[in-house]
Structures are given as structure tokens and as C-alpha cells.
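Now for the letters of each chain:
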Amino acid sequence: MVSIKELPREEYLLKGHAACAGCGPSIALRLLFKALGNKVFLVVPACCTTVIQGPYPYTSFAVPLQNMLFEATGATASGIAAALRIRGLEDITVVGWAGDGGTVDIGIQALSGAAERETNFIYICYDNEAYGNTGLQRSGATPYGAWTTTTPTGKKERKKNMPFIMAAHKIPYVATACPSYPTDFVNKLRKAKEIKGTKYIHVLAPCPTGWRYDSSKTVEIGRLAVQTGIWALYEIENGKFRLNFPSDRLVDKAKRKPIKEYLSMQERFRHLTEAEIEKIQMWIDEDWEYYRKLASSEACV
Amino acid sequence: MSFPKTRKEMPLTPLSLPTVGSMGKTGSWRTFKPVVNYSTCTKCTLCWIYCPDGAITRREDDSPEIDYEYCKGCGICANECPVKAITMEREEE
Amino acid sequence: MAQIVIDTANHIAGYAAKAARAKVVAAYPITPQTTIVEKIAEFVESGEMEAEYIRVESEHSAMAACIGAAAAGVRTFTATSAHGLALMHEALHWASGARLPIVMVVVNRAMGAPWSIWPDFSDSLSQRDTGWLQFYCADNQEVFDTIIQAYRLCEDERVFLPAMVCLEGFLLSHTYMPVQIHNQNEIDDFLPPYKSGWTLDVNNPVTHANLVSPEWYMEFRYMIQEAMENAKRLIPEIDMEYGRRFGFQYGGLVDKYQCENADLIICTMGTIGCEAKVAVDNLRKNGLKVGAARIRVYRPFPVEEIRKLALQARIIATIDRHISFGMEGFLASEVKASLYHMEDKPLIAGFIAGLGGRDVTFKTIEGIAQKSLKWLERGRVEKETEWIDLRE
């Protein structure tokens, strides 16, 4: 396990970029480069990171970055990976860096295809649970009950379980992460880099603008997501499910904070009734019962 | 590295060059300013790793240095500092 | 040694992709294109062709993979038809905006609804404004030669644009003809290794295609237009050089036949151009002064060549295997637009024919010629757009 102080000082996401103050995805981006260095090709579809770069002729990214169509990250990575194989440049890590809309909705086909083709790349979904740069519309990753501009009274459906959809592709590595746990994310990225094939990491990335909380609370809210268990840190390595610290200490319900603590910090959940909060709590507990069984069994996902 | 001005100097397709301040001096976005109390700072580097803007430099001795030209004043560093060595102070007009 | 093979245009397109040494092929099946990528799969798996073959899950992804591979520094090839091309539409704009020299074969097929697998140009002509060069072939040899020429052109630093090489479904795609596959060393000599205007490079990290404000956007569009104009100049040069080296030449932008002193010039694209030559021979036997001009390159459009033809012709009959609903065929519109500033313009008669694979034979074309000549005699075109062989 790497410690924070061991992480390199070099920055490949340069300051003065265009993200909102307190942007969770930006923390994740800095960690991405701290984990992988700059020998990467980044494919970025339409998403908040399109904006974060800033406008031509400038960019806040000090690594090769190809902007690409919203739904095409997986396929573009397949093309790049094939070209690198032909050119004998396989020491370059191909990274798809996409938001939740570009992953669980419009980009799911190209991602599924890339995974099925065993494209050698790391795909990272940074999930702020809405279409951020178009002004916070609902996505398939928006959680139940959340306000967005297209669900003004709260979303009526549940969040899509994308990591398990990816695990069903039988790819060698699936993991979840959250920038509030930097070393966990860095370790997962470094592990993914060493594995051949498609690696999928789903990062819950709190968004002050979309979730409606004070910008200073980004890391705290990410931590609460993990502590309440609405977001679990885990890996699925060759089908084998394993909870990571601190989620591995939270299997016992008594150890998990009540979900209300997480929900009440965000205005997007302000309108929720007690009954709705209870329903969300019940779903979380059900999920954890499932995690417990998976973690304690020999069976593969 | 040079930035184009005329059409002849432009690349054939937009190829943008890495730039500190691609969105300008983002320090001007700030209403509250983080101030470090170096006498209580334990040099844990958490503020450095959590800064979304990379506006906190980790000095040789691991103490933080805030770049006010680019710090947007989000307050994450102050919120996360385990010994409360960073405080947010209102910017003067 | 050059080699003669008797094969379909689709298989020949596969031979051409191999001869061009395309290194990444990304493809998705669609009739009538499929046998191209089947042929290439055979070549790759047998080791005859050294390339990465990406079996994508859609045409949109085929183009995205080509864009990724081309940006990462290798020569790419793909092929599609009709709805597959339509699904790529967005990515076509991205490829040209990124100035990546991708070559794609489009096996022309009519668009649905309703389903049709037979040819017309409504698929590729719908992509007219995407910034791709467009070639239209008339026989299998031309398919081979045009693919090789297209790579040479697209990878010229004065162009750096993608190109479609179009051929009509079944009429060419599944029709056997003898074709000369030229000596590989000579092809390598004509077509040097892959070149593009930019490449993803860890030693020179740039961001491609981030947000471009109104302050800069127009200049990038202007540069594409400049590249198109450059291509217009280069195509005849490349065609001539190719002719010198390999013995096959296609008239550059326009394949002209008996146009000298012709009163009537029949203006076509694709295989209708072959039938038009037969029609011209027959009409000339009867003393009628008729010529044929096959538009081989539709983008860039050969405006100057059309004007030259118009100087000698008294009427031009355009035959469109296409209709722009609510207007007319594109060929008719663009020939008219090309001649607007001429003082002594010929008459222009627009004919729509062969949609959804309906036969357009030399007899059909002779009929079109007779009608056009009758209108010439009367001094006016009596119908702006005439649909040919339309059921009563």
C-alpha cells in the first residue's frame, strides 16, 4: 500500500484549469497522473473534462489527450491500442476517461464492445451522478431520489450498477474508488496498469455544483458515501470479489453510518421523505448482504 | 512552444499546448482565501493531495505552499486539515 | 510481378487495402459491403496482410477506432454501406476536422425506409458536407487504383483529409471482372509509409480538439476548404503519375468521352458512366454529336472542368442516381451552380434514374439523350427534373 508522501510531486493536470471550485473529478485526475505518470494516451469524450482542459490554443493537460465523440471512448481506445501494438509502443498506457453519462448511457455500447474485444486499456468512469457540463441532467448513474434539472422532483429509478455490468464481461479487473481515499485509487490504477486486457475503474466523484453542497465538503462527502456504504470500495479481480479498506470493515451494519448523514448534507436530496430515506437505507443493506456473501464465497462474479 | 496569432501559424487541426492558467488566473474566482498556520502544520500533505486545482505545492520539507494566483478558494484544504492549521479568510475587496 | 485476378470489386477492394499496407482495419458487417472485410479477415488471419483487425460492434465504433488508430500513427482502412455510413455520420465530421487521412470504401446502397439492398448514391451523397473527399468508380480496376491513389492523396501534406471510395452495390461489389494487381514494390514506391499531420506522442504532449471559440473556429474550417482546393489540383497530377507507372488512368477529376464538339454532354457518376459511353457510341453512329462526362471526384467538385465542358456543349444532361427531396439531384444542382457565372451557358436538363438499384442501361441513356436533344432543338428544357422509367 502506497502512502501519500510517496506520490510524485509532478503535476500533469496544470493549475489554472477550468473546473468548478471543489471539483471531485479534478482530484481524481491528479491522482490518475500520480499513479500512472505521463506515459499515457488519454481519450476523453464529451464530459466535464472537456471543459476542464480550457479552450484552444491552451490546455491544462500535460499528457497526450485526444478529445472524442461522446459515445466512442471504448472504440477509440481499441483503435489506439491496435496502433500502439503495430508500432511496438505497448509501454504507453491507454486510458479512457469518461463521465457517467458517457459511460453508463451513451457510451455503454462502445465500452462493452471494447471489453469484449479485450482491448488493452484502463477505462475510468468518473461518476458525478449526472450530466455535469450540460447543466446537471439525470443520467443512468443518478441515484434514486436525487434532484437534477430533468428530475425536478427527484429521480424515480435506481442507479445502474455499472461495475457489475463490466464484471459480467469477464474482464480481468474491475474496481471502484473515490478520491477521498487517494491511496486506494492510486493502488488500483497501478495494479490495473500491470494487467493486460480491459480494466474498469468506477470512481464516485462528488460534485458541489450538481449535488448542491459547499465546495469545501467534496472530500468529506466522498468519505461519507463510503462510510454509509452507499458507495463501497471493492475490486473484482478475475471474477473474485474483494472489499477494500475501509469498506471491508463495514460489512456489519452497525459499523456503517446511517445514510441520512450522507443525504442530509446535499441539497439534491433535500426533498426526500423519511419513508424514502428508509427505502434507500434498506437497499444499501440489501447490497451489503450481497457483498458479504460475495466476499465470503469462493464463487466468482 | 509558441502560440499562434495568424492563420499561417495555426496547426491544421486544434492542437493545444499545455499551459498553466489555461483558463486564466483562476485565483480571481475566490471569495475566501486559505491561510496556512505553519506553526501548527504537521506536514501531512493531505491538503496537497486533495487540492482539485493543484494549487498547493508540496515543498521540500512537505509543508504546503498555496499559489494564490490559481487557488479558487474551494476550502477543501481547510476542511480536511486534521489539525485545523488552514483557515479560510474573506478576501478583501 | 503484376498479377491479373478475376474477382468482385469488393474482393478487389480487399486486395487494395492489403497492397496499400493498411495497418489497422476496423469493420462491421453490412450488405453489400461485407465481402470486403471478409476478404481482409482472410488476408490478416493467413498472415498475408500484416495488420490489426478490429471487429467492432457498430459502424460508429468502426470510424472511432480508425480515428484513434490514425491519430496514434498508423494507416487505417474501413468499409461500409448505407445505414452503416449514416450511423457514422457524426464520426465522419470528426475525422475530417481532425484531418486524419482515413480511407473508406463505401459500397453504395439505397437508404431505408423501406429496406433496400440495391444501389443508389443516397448514402454517400448524404455525407457530402462532412469534409471527406469522394471518389466514384466505374469498374473493378478503377476501384483498386482509386484506393491506392486515395491514400497517396490523403496523406499529402497539402491535403490531410479522409476519403471515401464509392462503388455501387452488386453492380460492382459482387460482379467479377479481370483486374491487374500491380507489383507490390512499385506500389510501395508510389505510396510511401503512412504520413499524417499530427500524432499522439508522449514526447510532445498536446491536446487535440478541445474547445475552440468563435475567435479561432472559422480558420480551421477555411483550412479544410483550402485542402479540398489543393486536392482538386493534385488529383489529376496523381492520376497522371499513376498512369505513367501502372498504365491505368482515369481522367483525373472527370472521365471525359467524346466530349469534343459535342452538342450534348451526358453527365454521370459511377457505373452509369460506362453505359453512357455505349450510348454515345450508338448515338454517334447516327450522326448525333453526343459526349459523356463521368464525374469521378464529387468532393472536391470539379467546377472548372464542368465550365470547360460547358464552353463547347449546348446542353448538359445530368443523370442522378440520387434525389435531394424537395429539390433535385445533387449533380444537377452542382452543375448548375458551377455554370451560373458563365455568360453563354448551355441548357441543363436533370434526370433522376436508377434509384434503389433500378437498371440504367445504355438504352435508357439513349432515351435521355434523345429527349435532351429535342429540348435543345426547341431551345428550352421542358421539365426541370425528369424521373426516368417511372411507373404510371
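Note that the structure is predicted; figures quoted are calculated from it, not measured.

1. Let's talk about the overall build of chain B
When helices and strands are tallied, chain B shows two helices and five strands. Reading chain B from its N end, one meets helices and strands in the order β-β-α-β-β-α-β. Against the compact-globule benchmark of 12 Å for 93 residues, chain B has a radius of gyration of 17 Å, which places it well outside the compact range. Projected onto the principal axes, the alpha-carbon positions of chain B cover approximately 55 × 35 × 15 Å. The buried share among the 93 residues of chain B stands at 53%.

2. Regarding the pairing of strand 2 (residues 24–27) of chain C
Looking along a regular strand, one sees side chains alternate from face to face of the sheet. Residues and elements named next belong to chain C. Here strand 2 shows no split at all, with Val24 and Ala26 on one side and Val25 and Ala27 on the other all buried. Note: strand 2 against strand 3 (residues 52–55), four bridges, orientation parallel. Directly across from Ala26, in strand 3, lies its bridge partner Ile54. Read as a crossover between parallel neighbours, the route from strand 2 over helix 2 (residues 34–45) to strand 3 is right-handed. Sheet topology note: the strand 2/strand 4 (residues 76–80) ladder contains two bridges and is parallel. Residue pairing in the sheet places Val24 in a bridge with Thr76 of strand 4.

3. Some details on the domain arrangement of chain C
Residue and element names in this part refer to chain C. Here chain C is partitioned into domain 1 (3–246) and domain 2 (256–387). Both sides together, the interface formed by domain 1 and domain 2 hides about 2200 Å², and carbon and sulfur atoms give 60% of it. Interface area lost by domain 1 to domain 2 is led by Leu125, Arg128 and Lys232, which between them contribute 27%. Two residues, Glu304 and Lys232, come together in a salt bridge whose shortest N-O distance is 3.1 Å. Where domain 1 packs against domain 2, one counts 16 residue pairs in polar contact (both at pLDDT 80 or more). Take the side of domain 1 that touches domain 2: its biggest share by element is five residues, from helix 8 (residues 214–246). In the side of domain 1 that touches domain 2, the residues fall into 16 nonpolar, five polar and seven charged.

4. Concerning the interface of chain B and chain A
Each side of the interface is counted separately: chain B has 42 residues, and chain A has 44 residues. Between chain B and chain A, roughly 3300 Å² of surface is buried when both sides are summed, and carbon and sulfur atoms account for 56% of that area. For the pair chain B and chain A, the number of links is four salt bridges. Ionic pairing is found between Arg223 of chain A and Glu80 of chain B, a salt bridge with its closest N-O pair at 2.7 Å. Here chain B is connected to chain A by 30 residue pairs in polar contact (both at pLDDT 80 or more). Listed by contribution, the elements that provide at least two residues to the side of chain B that touches chain A are strand 1 (15–18), helix 1 (46–50), strand 3 (56–58) and helix 2 (76–80) of chain B. One ladder, built from two bridges, connects strand 2 (residues 58–59) of chain A with strand 1 of chain B; its direction is parallel. In the sheet register, Tyr58 of chain A faces strand 1 of chain B, and the bridge partner there is Leu17 of chain B.

5. Some details on the nonpolar core
Core analysis: the largest hydrophobic core is formed by 183 residues, its most contacted members being Tyr262 of chain A together with Met63, Phe77, Val105, Leu133 and Phe144 of chain C. Excluding its chain neighbours within four sequence positions, the residues that come into contact with Tyr262 of chain A are Glu129, Leu204, Trp211, Ile221, Leu224, Ala225, Thr228, Ile230, Arg268 and Phe269 of chain A. Of all hydrophobic cores here, the second largest spans 60 residues; its members include Tyr12, Leu42 and Val203 of chain A together with Ile66 of chain B.

6. Points about helix 9 (residues 218–228) of chain A
For an α-helix, the turn length of 3.6 residues means that residues three or four places apart are oriented alike. Residues and elements named next belong to chain A. The element helix 9 is largely enclosed, with a buried count of eight among its 11 residues. Within the sequence span of helix 9, burial applies to Thr218, Val219, Ile221, Gly222, Leu224, Ala225, Val226 and Thr228. The first or second residue beyond helix 9 is Gly229, which carries a positive phi of 85°.

7. Topic: the side chain of Arg58 of chain B
With respect to the helices and strands, Arg58 of chain B occurs in strand 3. Look past the residues within four positions of Arg58 of chain B in its chain and what remains in contact with it is Ile4, Lys5, Leu7 and Arg9 of chain A together with Thr45, Trp48 and Ser63 of chain B.

8. Section: the packing of aromatic side chains
Evaluation of the coordinates by the stated rule reveals 27 aromatic pairs over all chains. Their ring planes at 85° and their centres at 6.3 Å tell us that Tyr12 of chain A and Phe33 of chain A sit as a pair that is edge-to-face. Of the two residues, Tyr12 of chain A is situated in the segment before helix 1 (24–36) and Phe33 of chain A in helix 1; the sequence distance between them amounts to 21 residues. Among the residues examined, Phe33 of chain A registers a relative accessible area of 2% and is labelled buried. Aromatic rings pair up to connect Phe164, Tyr234, Phe241, Trp288, Tyr290 and Tyr291 of chain A into one cluster. For the cation-ring pair, Arg75 of chain C lies above Tyr151 of chain C, with the distance from its terminal atom to the ring centre recorded as 5.5 Å. Here the guanidinium or amino end of Arg152 of chain C rests over the ring plane of Phe190 of chain C, the centre of that ring lying 4.6 Å away.

9. Comments concerning the layout of surface pockets
All names here are of chain A. Taken as a whole, the largest pocket encloses approximately 550 Å³ of empty space. Forming the walls of the largest pocket are 26 residues, and the residues nearest its centre are Arg158, Lys159, Ile230, Asp287 and Tyr291. Elements represented by at least two residues in the lining of the largest pocket include exactly helix 6 (162–167), helix 10 (259–263) and helix 11 (274–296). Of the residues assigned to the lining of the largest pocket, the class counts are 18 nonpolar, two polar and six charged.

10. Comments concerning the packing of helix 3 (residues 59–71) of chain C against helix 4 (residues 82–97) of chain C
Residue and element names in this part refer to chain C. The N-to-C vectors of helix 3 and helix 4 enclose an angle of 25°; their axes lie 7 Å apart at closest approach. Between helix 3 and helix 4, the angle is such that the two are roughly parallel. Once helix 3 is placed against helix 4, the crossing between them reads as right-handed. From helix 3, Glu59, His60, Ala62, Met63 and Ile67 reach across to helix 4, where they touch Gly84, Leu87, Met88, Glu90, Ala91, Leu92, Trp94 and Ala95. For the contact of helix 3 with helix 4, the class distribution of residues is nine nonpolar, two polar and two charged.

Calculation notes
- Residues numbered from 1 in each chain as written.
- Chains lettered and ligands numbered in written order.
- Predicted model: local features only at pLDDT ≥ 70, side-chain atom pairs only at ≥ 80, totals over all residues.
- Heavy atoms only, no water.
- Helix = DSSP H or I, 4+ residues; strand = E, 2+ residues; numbered from the N terminus.
- Rg over C-alpha atoms; globule rule 2.2 N^0.38 Å.
- Buried < 20%, exposed > 50% of the residue type's maximum accessible area, 1.4 Å probe, protein only.
- Pairing = 2+ DSSP bridges.
- Right-handed = clockwise from strand over helix to strand, strands pointing away.
- Domains from an automatic or database assignment.
- Buried area = accessible area lost by both parts, 1.4 Å probe.
- Salt bridge = Lys/Arg side-chain N within 4 Å of Asp/Glu carboxyl O.
- Polar contact = N/O pair within 3.5 Å; in protein donor to acceptor, adjacent residues only side chain to side chain.
- Nonpolar A, V, L, I, M, F, W, Y, C, P; charged D, E, K, R; others polar.
- Contact = heavy atoms within 4.5 Å.
- Core = buried A, V, L, I, M, F, W, Y, C linked by side-chain atoms within 4.5 Å.
- Phe/Tyr/Trp six-rings, centres within 6.5 Å; stacked < 30°, edge-to-face > 60°.
- Lys NZ or Arg CZ within 6 Å of the ring centre and 35° of its normal.
- 1 Å grid on protein atoms, 1.4 Å probe; cavity = no way out; pocket = protein on both sides within 12 Å on 5 of 7 lines; lining within 4 Å.
- Points joined across faces, edges and corners; volume = space filled by probe spheres on them.
- Axes fitted to C-alpha atoms, helices over the stretch in contact; angles between N-to-C directions.
- Parallel < 35°, antiparallel > 145°, perpendicular 65-115°, else oblique.
- Left-handed = near helix turned anticlockwise from the far one by under 90°.

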